[in-house]
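Per-entry structural report
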Amino acid sequence: MSKLPNVTTSIFTVMSKMAAEYNAINLSQGFPNFPVDERLTDIVARLAKENVHQYTPMAGYPPLMNKIAKLTQDSYNRTINPETELLITAGATQGIFTTILALVKENDEVIILDPSYDSYESPVLLCKAKPVRVALNDDYTPNWERIEKACSEKSRMIIINNPHNPTGKILTEADFLELEKILCKYPEIIVLSDEVYEYITFEEKHISAHIKSFLLDRCVTVSSFGKSFHITGWKIGYTIAPEYLMKEIKKVHQFLVFSVNSISQFAINEYLDVVDVNLLGKFYQEKRDYFQKLLQTSRFELKPCEGTYFQVASYANISEDDDVTFCKNLIINNGVAAIPISTFYSDHKDQKLIRFCFAKDDFTLESAAKKLCEI
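Residues numbered from 1 in each chain as written. Predicted model: local features only at pLDDT ≥ 70, side-chain atom pairs only at ≥ 80, totals over all residues. Heavy atoms only, no water.

1. Description of the layout of surface pockets
- Its boundaries defined by the atoms lining it, the largest pocket holds a volume of some 1300 Å³.
- For the lining of the largest pocket, the elements supplying multiple residues, two or more each, are helix H1 (11–21), helix H4 (92–103), helix H5 (121–126) and helix H8 (225–228).
- A class-by-class count of the residues in the lining of the largest pocket yields 19 nonpolar, 20 polar and eight charged.
- Empty space within the second largest pocket amounts to approximately 340 Å³.
- What lines the second largest pocket is a set of 17 residues, among which Glu-198, Thr-201, Lys-205, His-206 and Asn-278 lie closest to the centre.
- When contributions to the lining of the second largest pocket are tallied by element, the ones reaching two or more residues are helix H3 (62–76) and helix H11 (280–294).
- The element that contributes the greatest number of residues to the lining of the second largest pocket is H11, accounting for three residues. (1 Å grid on protein atoms, 1.4 Å probe; cavity = no way out; pocket = protein on both sides within 12 Å on 5 of 7 lines; lining within 4 Å. Points joined across faces, edges and corners; volume = space filled by probe spheres on them. Helix = DSSP H or I, 4+ residues; strand = E, 2+ residues; numbered from the N terminus. Nonpolar A, V, L, I, M, F, W, Y, C, P; charged D, E, K, R; others polar.)

Laid out in structure tokens, this is it:
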């Protein structure tokens, strides 16, 4: 008997497979296709011949952990103890999975805000807990009245994703005030803050859980070097949490992966000395602006994008098809792959919206836009 009977192949795998089969331009799955920084690849090439290939300590390579503590201090003015409040993970997804398995118990409830990334629900189900899916407003702002009504004495966790995938929305100061009210009412709830796109925001500055004093003792924050440094295949990230929560998270991590691959930790430790994460927002804003400019003459209606490297677009002026059908036909007939937004909802709410990834080189964006403007 399956523990996850309703889980099927992810939409990202489906669309990428179709893109390969039809030789379509893949703007579906969220991975960059431009070269990795040569400074990083040079570091890796040198380290490959050095003695860096054995286990690191379970929680992570200590020099890298100290660098992350400094990065957190520099970025958010938050002081953490790297020995007790930090864990290097095999990607952000493993950090999320491990956190949920460690902290959520049978019959607990976990609030998930839809549209939501597909990795949140499965670990909740594996804990024999209940995912409580709460839809965002149509403009993708949180409906805090609806969220509060979904909370109960059984609620153990609220998952927030900021900046938000798939919509590119970022949380505001007002949102955090509303979250604080809920946490005051329900002192047993902890927050899992997925911030893998934390350095990729545009006109408005990212507000991290790290800077909110009311969250410091009851929040696990998840970050991703893979997203930040365009190395998604490395599968390396980290989590930060207060010691009493991190102690439990490490117990699961120890028997899930034990430690993260060593050469990536050594390489990123050196790379943090030369890279400036504050330039990422400008880099991706230029990508976003260029992609939006290329689609100006198309029939797609582009939605606001405040962060991440995803652009949501409405095709309501083009077709009456549901979004899954539209995306499949877009691959087959037009040679471009995108992701249907309905797949991020528990009820598969169809609003004629799809998601493009613009973390691509200019040639790819231009080639895709040419096809999209011909529809």
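2. Overview of the UniProt feature "domain: Aminotransferase class I/classII large" (unreviewed entry) in the protein chain
- As recorded in UniProt, the feature "domain: Aminotransferase class I/classII large" (unreviewed entry) lies at residues 24–372.
- The distance from the first to the last C-alpha atom of residues 24–372 is 12 Å, and the span holds 37% helix and 16% strand. (UniProt positions renumbered as here; feature names shortened; annotations may be inferred.)

3. Quick word on the sheet that holds strand S12 (residues 339–340)
- Ordered in space as S9-S10-S13-S12, the four strands form an open sheet in which the pairing is antiparallel. On the outer flanks of this sheet lie strand S9 (301–302) and S12, each paired with one strand and no other.
- Where S12 lies against strand S13 (residues 353–357), two bridges are found, and the strand directions are antiparallel. Note on S13: the bridge partner recorded for Pro-340 is Ile-354. (Pairing = 2+ DSSP bridges.)

4. Thoughts on the environment of Gly-30
- For Gly-30, the position within the fold is in the loop between strand S1 (25–26) and helix H2 (38–47).
- On a C-alpha basis, the gap between Gly-30 and Asn-165 in space is 9.9 Å, while along the polypeptide they are 135 residues apart.
- Those residues in contact with Gly-30, other than ones at most four positions away along the chain, are Lys-227, Thr-232, Tyr-309, Phe-310, Arg-355 and Cys-357. (Contact = heavy atoms within 4.5 Å.)

5. As for the environment of Lys-251
- Position of Lys-251 relative to the elements: it lies in helix H9 (residues 243–256).
- For Lys-251, a relative accessible area of 44% translates into the label partly exposed.
- Side chain to side chain, Lys-251 and Glu-248 meet in a polar contact 3.1 Å long. (Buried < 20%, exposed > 50% of the residue type's maximum accessible area, 1.4 Å probe, protein only. Polar contact = N/O pair within 3.5 Å; in protein donor to acceptor, adjacent residues only side chain to side chain.)

6. Quick word on the nonpolar core
- Among the nonpolar cores identified, the biggest contains 125 residues, and Leu-179 and Phe-356 are the most heavily contacted of them.
- Sort the elements by how many residues they give to this core and H3 lands first, with six residues.
- For this core, the two domains that each supply at least three residues are domain 1 (11–30 + 277–374) and domain 2 (38–272).
- Ignoring any residue separated from it by four or fewer positions in sequence, one finds Phe-356 in contact with Leu-27, Phe-291, Phe-300, Tyr-309, Phe-310, Gln-311, Ala-313, Leu-330, Val-336, Ala-338 and Leu-372. (Core = buried A, V, L, I, M, F, W, Y, C linked by side-chain atoms within 4.5 Å. Domains from an automatic or database assignment.)

7. What to know about the sheet that holds strand S7 (residues 219–224)
- Reading across the sheet, the seven strands line up as S2-S8-S7-S6-S5-S3-S4 and stay open at both edges, with mixed pairing between neighbours. Looking at the sheet topology across the chains shown, the edges are occupied by strand S2 (86–89) and strand S4 (130–135). The mean angle between the axes of side-by-side strands here comes to 20 degrees, regardless of whether they run parallel or antiparallel.
- Note that strand S3 (residues 109–114) and strand S5 (residues 155–161) share four bridges and pair parallel. Paired with Ile-111 across the two strands is Ile-158, which belongs to S5.
- Its contacts with the sheet place H3 against S2 and strand S8 (237–240), and it is angled at close to 115 degrees to S2. (Axes fitted to C-alpha atoms, helices over the stretch in contact; angles between N-to-C directions.)

8. Considerations on the pattern of salt bridges
- Within this structure, the stated rule accounts for 22 salt bridges.
- Here Asp-37 makes a salt bridge to Arg-39, at a shortest N to O gap of 2.7 Å.
- Residue classification places Asp-37 among the partly exposed positions, given a relative accessible area of 22%.
- A relative accessible area of 40% means that Arg-39 is categorised as partly exposed.
- In the salt-bridge network here, residues are joined through shared partners; they are Arg-46, Glu-50 and Glu-270. (Salt bridge = Lys/Arg side-chain N within 4 Å of Asp/Glu carboxyl O.)

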